[in-house]
Amino acid sequence: MPGEFGQLIADIKANTPGIENVVISTHCQNDLGLSTANTLAGACAGARQVEVTINGIGERAGNASLEEVVMSIKCRGEHVLGGIYTGINTQHIVMASKMVEEYTGLHVQPHKAIVGANAFAHESGIHQDGMLKHKSTYEIISPEDIGLERSNEAGIVLGKLSGRHALRDRLKELGYELDDEQLGNIFWRFKAVAELKKRVTDADLIALVSDEIFQPEVVWKLDELQVTCGTLGLSTATVKLIDAAGVEHVACSVGTGPVDSAYKAIDLITKEPITLLEYSMNAVTEGIDAIATTRVLIRAENRHVLTQVLTGEAVHRTFSGTGAGMDIVVSSVKAYIGAINKMLGIKEQNQPKGSVEQTRVSA
């Protein structure tokens, strides 16, 4: 319980010789949903380093959430928590959360505190009435404090008539500084989406930027894709890829569905023995015209093999890829090709027997 944990830290501080020369650190798991409360109790009792993770990801039920701890200290640190504070720029919290969500494939639950999609949504009548009269009635923090802009208060609505300047300004507000070439690539993707949607949301823009800019070095590039599926026959896919030298490669395959058949066609072209470990898809906005973001995790069967130092077991390295588009099959294919490019772009490392590639990250 938080009281017990706070007392533990206080006892350590009071009874450990030389404690004034070290920094007491906390590392709280969320098994009982109390990791944030325990972390704050520890900080109040004298801990001056708190180990947290963005979105609370971690072993079992996760770790103390960075955004929850930081915003709790920002709101109540001076008056309730003994004057403690952090030097974190809280306006980067939302972008950091989305970045971690995208790279890990671990989606944040809608009702997650601070960064969940519903964290600042008000549906009940009495809540809406209070919000219209005074926002602080039901919001202890402002969404702007964590870098989130309310969509219905945005000054500029992006649509099919919007130009490069408006797009650049909006992307800059979202935290993206793009050069002219990158902006040009994003602009034409944006226009294609805007032709099909009345309004392009911030979530759409973030998905487009992630799909266009934050991709590995191109080894294979999707040129054309055609699929046939349904209940009347086998699902088939024809895929045309372009390699790094600009040479076109075409393959056709059948599968259990359009995505499976497309992936098999890609495998025929790349000739890489690959196992698909994970496949997930998420709509970034509501409605039938939403952009779909796809994430895949693959394992190469004949390369990037490491040796576990303790067991001597061979460990196959995994690679993730993401894709975005209004066509879910195209989005899926882009994610698969992105993962393959990432795998092919990393040079083989001949590690001595008894070594293992292992990284521990704490925020």
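Note that the structure is predicted; figures quoted are calculated from it, not measured.

Peer 1: What is the right way to read the overall build of the protein chain from this model?
Peer 2: Looking only at helices and strands, the protein chain features 10 helices and 10 strands. Buried positions account for 39% of the 363 residues belonging to the protein chain. Long-range pairs, those at least 24 residues apart, make up 54% of the contacts in the protein chain between residues at least 6 apart in sequence. Surface accessibility of the protein chain: about 20800 Å² in total, with carbon and sulfur atoms responsible for 54%.

Peer 1: It is not clear to me how a nonpolar patch on the surface should be interpreted in this structure. Could you clarify?
Peer 2: A surface patch of nonpolar side chains, about 330 Å² in accessible area, is lined by Leu 276, Tyr 279, Met 281 and Ile 328. Broken down by element, the nonpolar patch gets its largest block of residues, 3 residues, from strand β6 (residues 274-283). One can find Leu 276 in strand β6. The exposure class assigned to Leu 276 is partly exposed, which follows from its relative accessible area of 38%.

Peer 1: Sorry if this is basic, but what is going on with the packing of aromatic side chains here?
Peer 2: Each pair of aromatic rings is reported with the distance of its centres and the angle of its planes. According to the stated counting rule, one finds 3 aromatic pairs in the structure shown. Relative to Phe 190, the ring of Phe 187 has its centre 6.2 Å away and its plane inclined at 40 degrees; by these criteria the two rings are tilted. Taken together, the positions of Phe 187 and Phe 190, both in helix α7 (residues 180-194) and 3 residues apart, correspond to about one turn of that helix. Judged by relative accessible area, Phe 190 falls into the buried class, the value being 0%. Ring plane angle 10 degrees and centroid distance 3.9 Å describe the contact between Tyr 263 and Tyr 336, whose orientation is recorded as stacked. Taken as a pair, Tyr 263 in helix α9 (residues 258-270) and Tyr 336 in helix α10 (residues 328-345) lie far apart in primary sequence, 73 residues in all. Look at Tyr 336 and you get buried, because its relative accessible area is 2%. Through successive ring pairs, a cluster of aromatic residues spans Phe 187, Trp 188 and Phe 190.

Peer 1: Got a minute to help me understand the sheet that holds strand β4 (residues 235-243) in this structure?
Peer 2: Two modes of strand pairing occur in sheets, parallel and antiparallel, and in both the strands are linked by backbone hydrogen bonds. Spatially, β3-β4-β5 is the arrangement adopted by the 3 strands of the open sheet, whose pairing is antiparallel. Since the sheet does not close on itself, it has two edges, and those belong to β3 (220-228) and β5 (248-255), each with one partner. For this sheet the average axis-to-axis angle between neighbouring strands, irrespective of direction, equals 20 degrees. Inspection of the sheet shows β4 paired to β5 by 8 bridges, in the antiparallel sense. The residue bridging Lys 240 from the neighbouring strand is Val 250, located in β5. Relative to the sheet, α9 contacts β3, β4 and β5, its axis offset from that of β5 by approximately 140 degrees. Packing against the sheet, α10 makes contact with β3 and β4, and its axis sits at approximately 145 degrees to β3.

Peer 1: How do you make sense of the pairing of β3 when you look at a structure like this?
Peer 2: Every other side chain in a regular strand lies on the same face of the sheet, so the side chains alternate between the two faces. Inspection of the sheet shows β3 paired to β4 by 8 bridges, in the antiparallel sense. Bridging across to β4, Gln 226 finds its partner in Thr 238. As consecutive antiparallel partners, β3 and β4 are separated by 6 residues, and within that stretch Gly 230 has a phi angle of approximately 140 degrees, a positive value.

Peer 1: Even after reading the chapter, I still don't get unusual backbone geometry, so can you show me in this structure?
Peer 2: Excluding glycine, residues mostly have negative phi values, and the peptide bonds linking residues are mostly trans. Residues other than glycine seldom take positive phi values, yet Arg 60 does so here, at roughly 50 degrees. Structurally, the position occupied by Arg 60 is in the loop between β2 (49-51) and α3 (66-76). Owing to a relative accessible area of 61%, Arg 60 belongs among the exposed residues under this scheme. Despite not being glycine, Ile 114 has its phi angle at roughly 75 degrees, a positive value. Along the polypeptide, Ile 114 turns up in the loop between α4 (93-104) and α5 (125-133).

About the criteria used
Residues numbered from 1 in each chain as written. Predicted model: local features only at pLDDT ≥ 70, side-chain atom pairs only at ≥ 80, totals over all residues. Heavy atoms only, no water. Helix = DSSP H or I, 4+ residues; strand = E, 2+ residues; numbered from the N terminus. Buried < 20%, exposed > 50% of the residue type's maximum accessible area, 1.4 Å probe, protein only. Contact = heavy atoms within 4.5 Å. Areas by Shrake-Rupley, 256 points an atom, 1.4 Å probe, with all protein chains shown as cover. Patch = residues over 30% accessible without salt bridge, like charges linked within 9 Å, V, L, I, M, F, W, Y side chains within 5 Å. Salt bridge = Lys/Arg side-chain N within 4 Å of Asp/Glu carboxyl O. Phe/Tyr/Trp six-rings, centres within 6.5 Å; stacked < 30°, edge-to-face > 60°. Pairing = 2+ DSSP bridges. Axes fitted to C-alpha atoms, helices over the stretch in contact; angles between N-to-C directions.

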